[in-house]
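Observations on the three-dimensional arrangement
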Amino acid sequence: MKRYVYSELTEKEIAKLCKRPKMHFDDIFEVVNPIIDDVRSEGDKAVSRYTRKFDGAAPEPLTLSPEDEAPVLNDEIKEAIDTAFKNIYRFHKAQLPNAMEVETMPGVRCMRVTRPIERVGLYVPGGTAMLPSTLMMLGIPAALAGCREIVIATPPGKDNLVADELTYIAKKIGASVILQSGGAQAIAAMAFGTESVPKVNKIFGPGNQYVTAAKMQLQNSEAQVAIDMPAGPSEVLVIADDYAEPVYVAADLLSQAEHGSDSQVVLLATKGFDWDQCKQELDKQLEQLPRKKMAEKALNHSFSIEVESLEQAFNFSNRFAPEHLIIQCESAESHVDEIYSAGSVFLGKWSPESAGDYASGTNHTLPTYGYARMYSGVSVDSFCKYITMQHLSKEGLKNIASSVERLAQLEELEGHRRAVSLRLEE
Ligand SMILES: NC(=O)c1ccc[n+]([C@@H]2O[C@H](COP(=O)([O-])OP(=O)(O)OC[C@H]3O[C@@H](n4cnc5c(N)ncnc54)[C@H](O)[C@@H]3O)[C@@H](O)[C@H]2O)c1
Ligand SMILES: N[C@H](CO)Cc1c[nH]c[nH+]1
Ligand SMILES: [Zn+2]
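Predicted model, so just to flag it, every value in this text is computed and none were measured. (Residues numbered from 1 in each chain as written. Chains lettered and ligands numbered in written order. Predicted model: local features only at pLDDT ≥ 70, side-chain atom pairs only at ≥ 80, totals over all residues.)

1. Overview of the nonpolar core
A general tendency of soluble globular proteins is for nonpolar side chains to be buried together. Under the convention used in this document: What makes a nonpolar core is a set of buried Ala, Val, Leu, Ile, Met, Phe, Trp, Tyr and Cys residues, with links drawn between C-beta atoms within 7 Å. Once C-beta atoms are placed from the backbone, each residue is buried if 20 or more other C-beta atoms lie within 10 Å of its own, exposed if 12 or fewer, and partly exposed for counts between those two. Distance between backbone-placed C-beta atoms decides contact: two residues are in contact if it is within 7 Å.
Grouped together as the largest cluster of nonpolar side chains are 64 residues, with contacts concentrated most on Leu122, Ile152, Leu179, Ile187, Ala188, Met190 and Ala214. Setting aside residues no more than four positions away along its own chain, Ala188 makes contact with Ile35, Ile36, Val39, Arg40, Ala214 and Leu218. The next biggest cluster of nonpolar side chains, apart from the first, holds 38 residues, and it includes Leu253, Cys278, Ile305 and Ala313.

Structural data, given as structure tokens:
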């Protein structure tokens, strides 16, 4: 990992470090656009064809219904899933929005009610690893919001079967369909609908560059489908002071580097932090990872910065806006007010990112690529729509009439003015 000294960096260099490596989407769109077109015109046939092409084989049938499945899990895995499920459920249940009503003037009542997005598509990546945790992170808030139809798409797994862990969770969240296909063809199938895949209103979930490019193209297409957020490779930024434990810092950096060679890990640490031990630990712990090659590549394009103060560290972190921010400082919670942009934050040395990735209760589907400056992670809210309503009594209409009529006149919209004045004529 390249090491910089904050005070030696120019403003231009800081800005460059905060920019992620450019994603070259033009080449990816060239691959993805024909897939989208074929799925729109040929439906299931094209989904099967592309699944055979990219994943070796296409399951028959292409979709299955979780209701008909009887997943078999060993007790340990079942318990691990159940514990995580309960915690994620509890944290997300507390997010359920309340109905609201405000009387803005006597006789003028304004209300807001919440409705679930009816049909949602959850993409669970499966190219390099099977991710039951991602299904929980997407499926639990969808179920809590009350989405009527939950469609899951995931690449065909080992032996061309969807893993029992996924069907187990799919049943718990009440999903109706699992599409055994991944990549752009699965995203297009959910966006347009096919003979066996219901069309959805919004698509959620992370994925590789083909998945991300397909989501981006389809949200601007005639498919009329929304997406959760722009997604990129996973990221973590660790802020460490003199008291931070180098062994834990190294472990946290590697836990994110192992996601993929394009993951980005960043360390901001004070001069008194034990840099040498951290470096030794990175080398030592790297050797113990089965995904060593991937983590190594990620470390090669990641970086660290020596800061003079934690204030410098938080300034940089807010500009970088990491997906995950870990604070390994003496009194981590005292820094909360200094954090403005981050997807999810891990406070103190006993809070590794892995806790939030799996089981603490918070969601791990988070904005990457600096989008934490303006986007939030997935929550119950992401699966809801808000509808406003108003009820005016005659008294209420009288109370706002002069304001509405005068503003309508100002905008030269006579029809608007008359819709009020007519009612109050007699
Ligand atoms: N943010 C998060 O919550 C989170 C969690 C886990 C993983 N991730 C990220 O998700 C990504 C998962 O990627 P993945 O590849 O393992 O799984 P994936 O499911 O996203 O992609 C696999 C699919 O890509 C398609 N594909 C493969 N090669 C192709 C090609 N040459 N042309 C067209 N399509 C092709 C295939 O259809 C395949 O099924 C990683 O980048 C990882 O960092 C993010
Ligand atoms: N860290 C990933 C989000 O960037 C989520 C994840 C899934 N499994 C393990 N980790
Ligand atoms: Zn992770």
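From this point, the discussion proceeds with the structure in view.
2. Let's talk about helix H5 (residues 132–145)
The test is simple: A run of H or I in DSSP counts as a helix once it spans at least four residues, and a run of E counts as a strand once it spans at least two, with each numbered from the N terminus. Expected helix span is computed as 1.5 Å times (number of residues minus one).
The terminal C-alpha atoms of H5 lie 20 Å apart, and with 14 residues this matches the ideal 20 Å at 1.5 Å per residue to within 8%. Burial analysis of H5 places 12 of its 14 residues in the buried class, the great majority of the element. Of the positions making up H5, those classed as buried are Pro132, Thr134, Leu135, Met136, Met137, Leu138, Gly139, Ile140, Pro141, Ala142, Leu144 and Ala145. Note on H5: the residue one or two positions beyond its end, Gly146, has a positive phi of about 95 degrees.

3. A few points about the UniProt feature "binding site: substrate" (unreviewed entry) in the chain
In plain terms, the rule: UniProt positions are given in the numbering used here, feature names are shortened, and annotations may be inferred rather than shown by experiment.
Sequence positions flagged by UniProt for "binding site: substrate" (unreviewed entry) are, in local numbering, Ser234, Gln256, His259, His324, Asp357, Glu411 and His416. Taken along the chain, the residues just named run across 183 residues; in space they spread out, the farthest C-alpha pair reaching 56.7 Å. Among the secondary structure elements, Gln256 is positioned in helix H9 (residues 246–257). Discounting chain neighbours no more than four positions away, the residues touching Gln256 are Ser234, Glu235, Val236, Ser263, Val265, His324 and Glu353. Residue placement: His324 occurs in strand S13 (residues 324–328). Of the residues examined, His324 has 25 C-beta atoms within 10 Å and is grouped as buried. Once you skip the residues sitting within four places of it in the chain, His324 turns out to touch Glu235, Val236, Gln256, Gly343, Ser344, Phe346 and Glu353.

4. Structural notes on the domain arrangement of the chain
So the rule is basically this: A domain assignment, automatic or from a database, supplies the domain bounds used here. In this classification, the charged set is Asp, Glu, Lys and Arg, the nonpolar set is Ala, Val, Leu, Ile, Met, Phe, Trp, Tyr, Cys and Pro, and all remaining amino acids, among them Gly, are polar.
On domain assignment, one finds that the chain holds domain 1 (2–22 + 233–361), domain 2 (25–231) and domain 3 (395–425). Once you take the C-alpha centre of each, domain 1 and domain 2 turn out to be 30 Å apart. Counting residues at the interface gives five residues for domain 1, matched by seven residues for domain 2. Looking at side-chain class alone, the side of domain 1 that touches domain 2 contains two nonpolar, two polar and one charged residues.

5. Observations regarding the site of ligand 1
Note the cut-off: Using a C-beta atom placed from the backbone for every residue, we mark a residue as near a molecule or strand if that atom lies within 6 Å of it.
Near ligand 1 you find 25 residues, and of these Gly127, Gly182, Gly183, Pro206 and Gly207 are the closest. Here the residues of the shell around ligand 1 are counted per class, giving 11 nonpolar, 13 polar and one charged. Inspection of the shell around ligand 1 shows a minimum of three residues originating in each of domain 1 (2–22 + 233–361) and domain 2 (25–231).

6. Points about the sheet that holds strand S4 (residues 108–116)
This is how it is decided: Each pair of strands is called paired provided DSSP finds at least two bridges between the two strands. Angles shown run from 0 to 180 degrees and are taken between the N-to-C directions of axes, each axis being a line fitted to C-alpha atoms and, for helices, limited to the stretch in contact.
Spatial strand order, S3-S4-S15: three strands in an open sheet with antiparallel pairing. At either end of the open sheet lies a strand with only one pairing partner, and these are strand S3 (100–105) and strand S15 (384–392). Taking each pair of neighbouring strands and ignoring which way they run, the sheet shows an average axis angle of 25 degrees. As defined by bridge partners, S3 adjoins S4 across five bridges and the pair is classed as antiparallel. In the sheet register, Val102 faces S4, and the bridge partner there is Cys110.

7. Brief notes about the pairing of strand S6 (residues 149–153)
Condition: By convention a crossover is right-handed if, when the strands point away from the viewer, the path from the first strand over the helix to the second runs clockwise.
Taking burial as the measure, the five residues of S6 include four buried ones, the bulk of the element. Running through H5, the crossover from strand S5 (residues 119–123) to the neighbouring parallel element S6 is right-handed. Looking at chain direction, S6 and strand S7 (residues 177–179) are connected through three bridges and run parallel. Looking across to S7, one finds that Val151 is bridged to Val177. In this region the chain leaves S6, passes through helix H6 (residues 164–173) and returns to the parallel neighbour S7; the handedness of that crossover is right-handed.

8. A look at the confidence of the model for the chain
What counts here: pLDDT expresses, on a scale from 0 to 100, how confident the predictor is about each individual residue.
Averaged over every residue, the pLDDT of the chain is 96; residues scoring 70 or more account for 100%. Under the prediction, the complex receives an ipTM of 0.97, its pTM being 0.96.

9. So, the environment of Ser341
Within the secondary structure, Ser341 sits in the loop between S13 and strand S14 (344–347). Setting aside anything within four residues of it in sequence, one finds Ser341 in contact with Asn318, Ala321, Ala372 and Arg373.

10. Regarding the environment of Ala145
Inspection of the secondary structure assignment puts Ala145 in helix H5. With 95 residues separating them along the chain, Ala145 and Ala240 place their C-alpha atoms 38 Å apart. Not counting the four nearest positions on each side in its chain, Ala145 is found in contact with Pro116, Val380, Phe383 and Cys384.

11. Here we look at the packing of helix H4 (residues 75–93) against H6
The criterion, for reference: Under this scheme an angle from 65 to 115 degrees is roughly perpendicular, one under 35 degrees roughly parallel, and one over 145 degrees roughly antiparallel; angles in between are oblique. Left-handed describes a crossing whose near helix is turned anticlockwise from the far helix through less than a right angle; right-handed describes the clockwise counterpart.
At a closest axis distance of 11 Å, the pairing of H4 and H6 adopts a crossing angle of 40 degrees. Comparing their axes, H6 and H4 come out oblique. Here H4 runs over H6; the crossing is right-handed. On the side of H4, the interface is formed by Ile77, Ile81 and Phe85, while H6 contributes Glu165, Tyr168, Ile169 and Lys172. Within the contact of H4 with H6, the residues separate by chemical class into five nonpolar, no polar and two charged.

12. Considerations on the site of ligand 2
Residues in close proximity to ligand 2 include Leu131, Ser133, Thr134, Ser234, His259, Glu323, Asp357 and His364, which together make up its full environment. Tallied by class, residues from the shell around ligand 2 come to one nonpolar, five polar and two charged.

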